[in-house]
There are 2 protein chains.
Amino acid sequence: MEQLVQATLQGDRRALARLLTTVENAREGTDHTLAALFPHTGRAWIIGVTGSPGTGKSSLVNALAKAFRRREQTVGVVAVDPTSPFSGGAIMGDRIRMRDLAGDKGVFIRSMATRGSLGGLARATRDVIRVLDAAGFGVIFVETVGAGQSEVDIARTAQTTIVVEAPGLGDEVQAIKAGILEIADVLVVNKADRPGADNTARALRAMLEMGHPAAREQLARHHGQLVAVESSANGSVPLWVPPVVRTVAPDDQGIDELMTALEAHRQHLRESEAAVRLERQRIEIELYDRLEAALMARLLATVPDDVFAEVIRRIQRRELDPHAAVETILARLDQRA
Amino acid sequence: MEQLVQATLQGDRRALARLLTTVENAREGTDHTLAALFPHTGRAWIIGVTGSPGTGKSSLVNALAKAFRRREQTVGVVAVDPTSPFSGGAIMGDRIRMRDLAGDKGVFIRSMATRGSLGGLARATRDVIRVLDAAGFGVIFVETVGAGQSEVDIARTAQTTIVVEAPGLGDEVQAIKAGILEIADVLVVNKADRPGADNTARALRAMLEMGHPAAREQLARHHGQLVAVESSANGSVPLWVPPVVRTVAPDDQGIDELMTALEAHRQHLRESEAAVRLERQRIEIELYDRLEAALMARLLATVPDDVFAEVIRRIQRRELDPHAAVETILARLDQRA
C-alpha cells in the first residue's frame, strides 16, 4: 500500500487506478492510505457540475476538460450517479466519455455509482477527489446527476459549482431547481441553440434575483430600494453574483466565456478568502460525519446485540417508545464503559 | 401539551394542527409528546407516493383520497418537498390541494418543505406521520417530489409505495427512475391519455423484469430458465410482483383498478407478515438515527469548543489528517467521561 501511495504521488496512472478502487471500496487500510496522502492535498481546483438529466452535463464537462487541457492543466473527472442501482451504467459511462479524451495522460476519469447509501457515496466521492488532488491533478470536475439534496451535499466538496440548465425541460423541472440555484456560482444554459434558450436564461435570472442573496442585493441597489439582505462574512469584498453563460457544448460554443467566468470565480475565491472559509466548512462537515460513524461503531461494539433486539421487540409491541429506547441503550453503554 | 395530546387523540383538528407544528419544529417537549402518542400508533395504512416532477402525483393523491373517503376511511396527506427552499411553496401547495377536499373533516393535509437538512426533514416527516396515525387517520399518504435517495429514505416510512410515471418525460428521466423502481409496490402510468402511454408502460415492465427480484423470478419461470434470484424471507408466500396501472387522475380513470391493486398489496402484507418485518426495519433505522444524534449531542456537550476549533485549524494546515483528528477528539471524550 505504501508503494501504491508513492507511485500515485509520482504520477503512475495504474497505481492511481488501483488506489482509487481500494479507497472506493473502503477496504482495510484506507484510513492510513488517505492519511499518507492528506499532506499532499488542497492544491486542486475542484469544480462541481450539477443539473437535471437532459441538460448535457457530460458534454459540458468534456468541453471544459479539453479547454483546460489546451491551457496545459491536468484534469480529473469524478462522475457521480447516486440514482443508478446498476454499476454497469457507470462503466458504460466511462467508455462513452473516454472516446473523446482517450489516450490523453493529462486526463483521468472515474465514474461512481450507488454503493448502499448516499452517505457512503458522498464519503467515497470525497476520498476519490482527495486521491486525485494528491496525485497532482490541477482541476477536478465532480459531476452529479439528478436534483435535490444529493447535489447539495456533493456540491459542498467543490470550490466552484456550475449549475447546468437547458431549454425545453418544462416548468416543473425549472421549479425544482430553486434549491440548487442557491449553490450555483456559475449558471450555464447549455443546448443554447435550441428554441426557448432566451426564456430559460430569463427564468434563471428571475430566480436568481428572487433567491440569491448577492443578486437580490444588486437588484435592490439597482432599484434604489431598501431590502433586507444577508451580509457577507467579509464586508470589504463585493458579493459574487452568479453569471449566466450560454453554451453549445459539442460545438465548443460559449466555452471560452464559461472559462472566463470560472477563472473570475476562482479569482473571487482568492480575494475574498472564501476558499479558506469553504474549506473550513468542508472539514467541519467531514469531521462531524466521521465522529458520528466512530461513535456508532463504538456503541455497536459495546452494547450486546440481544439488547438491541429486545429493545426493538419492545418498541414494536408499543411497550417502549423510541425516545425511551435510546435512553435505555445509552445507560447500557455507560455501565460498560 | 398534555391537553393538546388528549384533544388530538379525541379528534380535535385544531389541537392536531398545533401539535404538528410543535413536532415539526422539534420544540422542547416534543420527545415526551411523541412518547405519549406512541402507544396509539401502528394502526394507519401508510402509502408512499413518489415519482418525477410532472407525473401528476398530487392529482393522483387527490383522486385516491376521494376514493378512500367514498369508502368512509379517513385520510391524512403529508406532502414532502425536500428540494424547495421556499416555505411559501409548501403553503401554496396546501391551498391548491385544499380546493378539492376543503371542508371534509375526514381529510387532513400537511405540506412540509426543507428545514436545514434532508435528515431533519425525514425525521420531521416520520414524526408527523406518527401524530396523524395516533390521531386515528386510517390511510396516510406520504407524497415526495424529485428523484433519488430522498425518495428511497422517505419511502421506507410507507407500507405500500406507489411509483408514478407519465408519458413523454424523456428517456433520461426514465433511466433515472431505475433506483426508485426497486422500492415500488405498485407502478402507475398517470396521464395515460397522453401519447406514449403504451411505451411508458412497456418500459416500466421491461425495467421491472430487469431490476425487480420477484418480477425476475416470475420471468425466469415463464421462460423455464434457471436464473439466480433473491429468495424471500418467507418462502411459503409468493413474492409480490408490482402491477402496472394506468390512470388519468383528474377524470378518476383507472382509480378503481388502482384501489384494487393497493388493497391486494395490503392483503399481501398481512399474509406474508411483511408488514411486521417492514415495521421492524423502520424501527431499527429510527433507533439508529436517534442513537447517532444522541451520541453526537453528548460529544458536543463534553468536548470543549476550542478543542474542535484547534483540530479543524490543524487539519486545514495539513498537520493532522481527518482520521487522526477523530482519534484525538474521542481521546478527549474518554478523559472527561
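Numbering of residues starts from 1 in each chain and follows the order in which that chain's sequence is written. Both sets of labels track the order of writing: A upward for chains, 1 upward for ligands. In view of the model being predicted, local features appear only for residues whose pLDDT reaches at least 70, and side-chain atom pairs are presented and counted only at 80 or more, with totals across whole chains, interfaces and linings using the full set of residues.

## Regarding the overall build of chain A
Turning to step 1, where the next piece is worked out: In terms of regular secondary structure, chain A is built from 15 helices and seven strands.
Turning to step 2, where the next piece is worked out: Burial is judged by counting other C-beta atoms within 10 Å of a residue's own C-beta: 20 or more means buried, 12 or fewer means exposed, and anything between counts as partly exposed, with every C-beta placed from the backbone. Buried residues in chain A amount to 42% of all 337 residues. Secondary structure is summarised from DSSP: a helix means a run of H or I of at least four residues, a strand means a run of E of at least two, and numbering begins at the N terminus for each.

## Some words on the pairing of strand β1 (residues 45-51) of chain B
Turning to step 1, where the next piece is worked out: Taking burial as the measure, the seven residues of β1(B) include seven buried ones, the bulk of the element.
Turning to step 2, where the next piece is worked out: The side-chain alternation of β1(B) yields two buried faces, one formed by B:Trp45, B:Ile47, B:Val49 and B:Gly51 and the other by B:Ile46, B:Gly48 and B:Thr50.

## A look at the packing of helix α1 (residues 2-9) of chain B against helix α2 (residues 13-24) of chain B
Residue and element names in this part refer to chain B.
Turning to step 1, where the next piece is worked out: In this analysis, axes come from line fits to C-alpha atoms, helices being fitted only over the stretch in contact, and the angle between any two N-to-C directions falls in the range 0 to 180 degrees. Between α1 and α2, the least distance of the axes is 8 Å, while the angle of their chain directions is 125°. By the criterion of interaxial angle, the relationship of α1 to α2 is oblique. Seen along the crossing, α1 lies across α2 with a hand that is left-handed. Listed contacts from α2 to Leu4, Ala7 and Thr8 of α1 are Ala15, Leu16, Arg18 and Leu19.
Turning to step 2, where the next piece is worked out: Considered class by class, the residues forming the contact of α1 with α2 number five nonpolar, one polar and one charged. Roughly parallel means an angle under 35 degrees; roughly antiparallel, over 145; roughly perpendicular, 65 to 115; everything else is oblique. Handedness of a helix crossing follows the sense of rotation of the near helix relative to the far helix, less than a right angle counterclockwise being left-handed and clockwise being right-handed. Contact between two residues is assigned whenever their backbone-derived C-beta positions fall within 7 Å. Residues are grouped as follows: Ala, Val, Leu, Ile, Met, Phe, Trp, Tyr, Cys and Pro are nonpolar; Asp, Glu, Lys and Arg are charged; all remaining types, including Gly, are polar.

## Details of helix α14 (residues 305-316) of chain A
Turning to step 1, where the next piece is worked out: Taking 1.5 Å as the rise per residue, α14(A) with 12 residues should run 16 Å; its terminal C-alpha atoms sit 17 Å apart, in good agreement.
Turning to step 2, where the next piece is worked out: The set of residues buried in α14(A) consists of A:Val311, A:Ile312 and A:Ile315. Relative to the axis of α14(A), the buried residues are bounded by an arc of 100° and lie together on one face. Residues A:Asp306 and A:Ala309 are exposed on α14(A) and point more than 90 degrees away from its buried face.
Turning to step 3, where the next piece is worked out: Of the surrounding elements, those touching the buried residues of α14(A) are α15 (322-336) of chain A together with α13 (274-302) of chain B.
Turning to step 4, where the next piece is worked out: Following α14(A) by one or two positions, A:Arg318 adopts a phi angle in the positive range, close to 65°. Residue count minus one, scaled by 1.5 Å, sets the expected span of a helix. Working definition: the arc comes from the directions between the helix axis and the C-beta atoms, pointing outward to the latter.

## Considerations on helix α4 (residues 57-70) of chain B
Residues and elements named next belong to chain B.
Turning to step 1, where the next piece is worked out: Between its terminal C-alpha atoms α4 stretches 20 Å, which fits the 20 Å expected from 14 residues at 1.5 Å a residue.
Turning to step 2, where the next piece is worked out: Buried residues of α4: Lys57, Leu60, Val61, Asn62, Ala63, Leu64, Ala65 and Phe68, and no others.
Turning to step 3, where the next piece is worked out: Remark: Glu72 follows α4 within two positions and exhibits a positive phi of approximately 60°.

## Describing the domain arrangement of chain A
Turning to step 1, where the next piece is worked out: Just so you know, the domain bounds were taken from an automatic or database domain assignment. With domains assigned, chain A is organised as domain 1 (1-38), domain 2 (41-274) and domain 3 (303-336).
Turning to step 2, where the next piece is worked out: Of note, the centres of domain 1 of chain A and domain 3 of chain A, computed from C-alpha atoms alone, are 40 Å apart.

## Quick word on the packing of helix α13 (residues 274-302) of chain A against α13(B)
Turning to step 1, where the next piece is worked out: It is at 9 Å that the axes of α13(A) and α13(B) come closest, and there the two elements cross at 110°. Between α13(A) and α13(B), the crossing angle belongs to the class labelled roughly perpendicular. Here A:Leu291, A:Glu292, A:Leu295, A:Met296 and A:Leu299 of α13(A) lie close against α13(B), whose contacting residues are B:Leu291, B:Glu292, B:Leu295, B:Met296 and B:Leu299.
Turning to step 2, where the next piece is worked out: For the contact of α13(A) with α13(B), the per-class residue count stands at eight nonpolar, no polar and two charged.

## Points about the environment of A:Leu299
Turning to step 1, where the next piece is worked out: Examined against the element boundaries, A:Leu299 turns out to sit in helix α13.
Turning to step 2, where the next piece is worked out: As for A:Leu299 and A:Arg202, which are separated by 97 residues in sequence, their C-alpha atoms are 53 Å apart.
Turning to step 3, where the next piece is worked out: Leave out the neighbours within four places in its chain, and A:Leu299 touches A:Leu333, B:Leu291 and B:Leu295.

## Side note on the pairing of strand β6 (residues 186-189) of chain B
All names here are of chain B.
Turning to step 1, where the next piece is worked out: Burial along β6 is two-sided: Val186 and Val188 and Leu187 and Val189, pointing in opposite directions, are all buried.
Turning to step 2, where the next piece is worked out: For two strands to be treated as a pair, DSSP must find no fewer than two bridges joining them. Pairing geometry for strand β5 (residues 160-165) and β6, over four bridges, is parallel. The residue of β6 that forms the bridge with Val163 is Leu187.

## Some thoughts on the confidence of the model for chain A
Residue and element names in this part refer to chain A.
Turning to step 1, where the next piece is worked out: Of the residues in chain A, 76% have a pLDDT of 70 or more, and the chain-wide mean is 81.
Turning to step 2, where the next piece is worked out: Per residue, pLDDT measures the predictor's confidence, with a range of 0 to 100. Confidence drops under pLDDT 50 across residues 171-176; counting only partners more than four residues distant or on other chains, this segment forms 10 contacts.
Turning to step 3, where the next piece is worked out: Every residue in residues 219-235 scores below 50 in pLDDT, and together they form 13 contacts with partners more than four places removed in sequence or on other chains.
Turning to step 4, where the next piece is worked out: Complex prediction metrics read pTM 0.72 and ipTM 0.78.

## With respect to unusual backbone geometry
Turning to step 1, where the next piece is worked out: If you check the backbone angles, A:Asp252 has positive phi at about 65° while not being a glycine.
Turning to step 2, where the next piece is worked out: Counting through the fold element by element, A:Asp252 comes out in the loop between β7 (244-246) and α12 (255-272).

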